[in-house]
Amino acid sequence: MACMQHTSKSVAVRAEQQLAPAVAAQPRVVVKPFLAGRPAVANVSSQLFVGRAVRQQLKAAAAPPSPSSSAMPNNAGTGKPRALISLSDKSDLDMLVKGLAELGIEIVSTGGTATAIQNAGVPCLKVEDITGFPEMLDGRVKTLHPAVHGGILAIRDKADHMAAIAQHNIGTIDLVVVNLYPFRKTVTASPPPAFEVGVENIDIGGPAMIRAAAKNMAHVAVVTDPRDYPALLEALRQGGPALAELRKRLAWKAFQHCSSYDAQVSEWLWGQVGSGPAPEMTVPLQLAHTLRYGENPHQSAAFYTDASLREFQAGGVATSVVHWGKEMSYNNYLDADAAYQCCCDYPAPSCVIVKHTNPCGIASRGDLREAYRLAVRADPISAFGGIVAFNRPVDAELAREIREFRSPQDNETKMFYEIVIAPGYTPEGLEILKGKSKNLRILEAAPRPPSGTSLRQVAGGWLVQGADALGPEGIAFKCVSEAQPTEQQLEDLKFAWRAVKHVKSNAITIAKEGRLLGMGSGQPNRVNSVRIAIEKAAAEVQGSVLASDAFFPFSWGDSVEIACKAGVSAIVHPGGSLRDQDAIDCCNKYGVVLLTTGVRHFRH
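Fair warning: this is a prediction, and the values are worked out from it, not measured in the lab.

(A) A look at the overall build of the chain. Scanning the chain for helices and strands turns up 22 helices and 23 strands. Residue burial in the chain is summarised as follows: out of 604 residues, 45% are buried. Sequence separation of at least 24 residues holds for 63% of the intrachain contacts in the chain that already meet a minimum separation of 6. Accessible surface computed for the chain: about 30,400 Å², of which carbon and sulfur atoms make up 54%.

(B) View of a nonpolar patch on the surface. Taken together, the side chains of Phe133, Met136 and Leu137 present a nonpolar region at the surface, about 280 Å² in accessible area. With respect to the helices, strands and loops of the structure, Phe133 is situated in the loop between helix H6 (127-131) and helix H7 (146-153). Residue class for Phe133 comes out partly exposed when judged on its relative accessible area of 44%.

(C) Region of interest: unusual backbone geometry. The peptide bond linking Ser190 to Pro191 adopts the cis configuration, its omega dihedral lying at -5 degrees. With respect to the element layout, Pro191 can be found in the loop between helix H9 (183-187) and helix H10 (195-200). Each neighbour pair has its own omega, and for Ser505 with Asn506 the value is -5 degrees, a cis peptide bond. Topologically, Asn506 is positioned in the loop between helix H19 (487-500) and strand S19 (508-511). A positive phi is found at Gln313, a non-glycine position, where the angle reads about 55 degrees. Here Gln313 falls in the exposed class, since its relative accessible area comes to 71%. At Glu513, a position not held by glycine, the phi torsion is positive, near 55 degrees. If you trace the backbone, Glu513 turns up in the loop between S19 and strand S20 (516-520). On the basis of relative accessible area, Glu513 is assigned to the partly exposed category, the value being 45%.

(D) Focus on the packing of helix H21 (residues 559-566) against helix H22 (residues 580-590). One way to put it is that H21 packs onto H22 with a least axis distance of 9 Å and a crossing angle of 15 degrees. In terms of axis orientation, H21 runs roughly parallel to H22. In this structure, the crossing between H21 and H22 has a hand that is right-handed. Between H21 and H22, the contacting residues are Val560, Glu561, Cys564 and Lys565 on the first element and Ala583, Cys586, Cys587, Lys589 and Tyr590 on the second. Looking at the contact of H21 with H22, its residues break down into six nonpolar, no polar and three charged.

(E) Representation of the nonpolar core within the structure. Counting residues in each nonpolar core, the largest one holds 43 residues, and the members touching the most others are Tyr340, Ile362, Ile419, Ile421, Trp497 and Val572. Here this core takes eight residues from helix H14 (residues 330-344), the largest share from any one element. In this structure Val572 touches Phe477, Leu493, Trp497, Leu546, Ala547, Ser548, Leu595 and Thr597, once residues within four positions along its chain are discounted. If you look at the next biggest cluster of nonpolar residues, it comprises 29 residues, including Leu368, Ala383, Tyr417 and Ala422.

(F) Highlighting the pattern of salt bridges. Enumeration according to the criterion identifies 25 salt bridges in this entry. For the salt bridge of Glu106 with Arg82, the shortest nitrogen-to-oxygen distance reads 2.9 Å. Linking Glu106 in strand S3 (residues 106-109) with Arg82 in strand S2 (residues 82-86), this pair joins segments that are 24 residues apart in sequence. The shortest N-O distance in the salt bridge between Asp225 and Lys253 comes to 3.0 Å. One end of the pair, Asp225, is in the loop between strand S6 (221-223) and helix H12 (229-238); the other, Lys253, is in helix H13 (residues 240-273), and 28 residues separate them in sequence. The class for Asp225 is buried, based on a relative accessible area of 10%. For Lys253, a relative accessible area of 25% corresponds to the partly exposed category.

(G) Local environment of the sheet that holds strand S10 (residues 321-324). With respect to topology, six strands assemble into an open sheet ordered S10-S15-S14-S13-S11-S12, the strand pairing being mixed. Every interior strand has two partners, whereas the edge strands, S10 and strand S12 (358-364), have only one. Direction aside, the axes of adjacent strands within the sheet are offset by 20 degrees on average. Across three bridges, S10 lies against strand S15 (residues 441-444) in antiparallel orientation. Bridged to Val322 within S15 is Leu443.

(H) A look at the environment of Pro277. Inspection of the secondary structure assignment puts Pro277 in the loop between H13 and strand S7 (281-283). Linking Pro277 and Gln465, residues 188 residues apart in sequence, is a C-alpha distance of 9.6 Å.

(I) Broad picture of the state of the cysteines. Evaluation of the coordinates by the stated rule reveals zero disulfides. Looking at the unpaired Cys344, the closest cysteine sulfur is the one in Cys343, lying at 5.9 Å. The buried category is assigned to Cys344, whose relative accessible area is 14%. Distance from the sulfur of Cys587, which forms no disulfide, to the nearest cysteine sulfur (Cys564) is 4.3 Å. Judged by its relative accessible area of 0%, Cys587 is buried.

(J) Spotlight on the packing of aromatic side chains. Per the counting criterion, the structure on display carries nine aromatic pairs. Where Phe195 meets Trp268, the ring centres are 5.4 Å apart and the plane angle is 20 degrees; that geometry is what we call stacked. In this pair, Phe195 sits in helix H10 while Trp268 sits in helix H13, placing the two residues 73 residues apart along the sequence. According to the relative accessible area criterion, Phe195 is partly exposed, its value standing at 34%. With centroids separated by 3.9 Å and ring planes inclined at 10 degrees, the aromatic side chains of Phe303 and Tyr333 adopt a geometry described as stacked. Of the two residues, Phe303 is situated in strand S9 (residues 301-306) and Tyr333 in helix H14; the sequence distance between them amounts to 30 residues. You can call Phe303 buried: its relative accessible area is 15%. One aromatic cluster is present, formed by Phe183, Phe195, Tyr261 and Trp268 through successive ring pairs.

(K) Focus on the pairing of strand S16 (residues 453-458). In this structure, S16 lies alongside strand S17 (residues 461-466), joined through six bridges in antiparallel fashion. From the neighbouring strand, Thr453 faces S17, where its bridge partner is Gly466. Hairpin connection from S16 to S17: two residues lie between these consecutive antiparallel strands, with Gly460 at a positive phi of about 80 degrees.

The rules behind these values
- Residues numbered from 1 in each chain as written.
- Predicted model: local features only at pLDDT ≥ 70, side-chain atom pairs only at ≥ 80, totals over all residues.
- Heavy atoms only, no water.
- Helix = DSSP H or I, 4+ residues; strand = E, 2+ residues; numbered from the N terminus.
- Buried < 20%, exposed > 50% of the residue type's maximum accessible area, 1.4 Å probe, protein only.
- Contact = heavy atoms within 4.5 Å.
- Areas by Shrake-Rupley, 256 points an atom, 1.4 Å probe, with all protein chains shown as cover.
- Patch = residues over 30% accessible without salt bridge, like charges linked within 9 Å, V, L, I, M, F, W, Y side chains within 5 Å.
- Salt bridge = Lys/Arg side-chain N within 4 Å of Asp/Glu carboxyl O.
- Axes fitted to C-alpha atoms, helices over the stretch in contact; angles between N-to-C directions.
- Parallel < 35°, antiparallel > 145°, perpendicular 65-115°, else oblique.
- Left-handed = near helix turned anticlockwise from the far one by under 90°.
- Nonpolar A, V, L, I, M, F, W, Y, C, P; charged D, E, K, R; others polar.
- Core = buried A, V, L, I, M, F, W, Y, C linked by side-chain atoms within 4.5 Å.
- Pairing = 2+ DSSP bridges.
- Disulfide = S-S within 2.5 Å.
- Phe/Tyr/Trp six-rings, centres within 6.5 Å; stacked < 30°, edge-to-face > 60°.

None of this, on its own, says anything about what the molecule does.
Put into structure tokens, the structure is as follows:
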């Protein structure tokens, strides 16, 4: 789990010091502090309150037990181990309780869980049978009672603990099986619930029992995941070291479960009452796969999915289905994400090919087969071994084109790819694509254009920013040259501008008629990126358009003039340089259109 937090401290004055004189008068009576954890208030009224409270406790301690408390069932006499079960997710409950019954374990339960257990033909006590107290406050108070938490938290090999619970007729609880109110499901519903509904779905008693049982892992097992039921039952049958070790692992899982749950509650509540960056932030992550290695074979790696509320049904590679091929690698995830986000950023039917997270081919066409061919031809050398993404479903004809297409380099070699990713496949299309290679990874993912929150780690911290979701439709393109853009040039400039934000800075893209012709990426200086993009575009640079992710610091004999001399007909950049006028003058000299956007698209 990734976590960013500030630390705060609070000081509490224990009340035992205030109560000591009163307790001294009755040495055989143990008085529980009323004000433990609360700051002391030094005034006459508070002293009177404490005095009355002590007298009431002393009187109660001297009185005989009430009939209701003496009649409360407890497992001390039977010697049977006891399990407390309270579930929202009742998956495999029948299997669990029947297994526990076979092992002679007494079951205590709450509300609907108790009914489900009884319907399964397994006897159980209701929690009010052991607390002697009814459920109250619309279900807010069920298990918050010493008869429950005393039974869970008592250390079995401490004589004073066992004497204390025996004095109050509390039986031990040896197994706690609890999962929590479906908070995430509730607050992500459509339409969103009222604030009060969200609050009522914050579980209190459940986490309290889970944490209590996990803390007392030396003596109590806690289960929060139905997938752990078989391992639990087997360990209970074996006993000994196997059960002790399982209790520790389940305790870790329980604390992590509560932590993730609290992270979602905190995220939701900040969204209701806060603004701007939250002062503290916890990101709940769930292990999806342990990977063979990281970027290189000597680096260990794993892939986690983000269980934050903001990622609910957001789509993208993390929740994709792998229909075919080898297991995904660390680099596969990075490249597939870059390709799919770029492709989904285009509203028209499009194909994007990525190598090392940079798009080397992009094309938009009504016919996806033609878009695919044009994307490959942009840079067939880089496309070989790359990732192919589509923003429309793959049918049989397109799948056949992918399977049989030959490299434009020699018109013989079949193109090889690591991954094909799309929002869907027809049954026939999927089967045809499987025939290309047993190793080709075929992914299906819900569309995910750039959106949401981006987190990036630096040594000792995290950077958080909103995704670069700004597209050409949200930008005002301003012509600053004497030459004015044609309608086709303007469309090509928008296409190139959408592409450039997906290329690593310094980024240059050259495009024409809805397809990428060449790109320059990741160069420490902009002029080299311009030269690389022109080289890749080759003869097709004539009449093309060029986009730059940031302004041109120099123009004469540099990026702008080099592009003009190469045959580029229109250029778009953010503007904002002290030498912007040089760029304007240079374009005017060569009759080239120059547009500014006022928006930068750095990508590091």
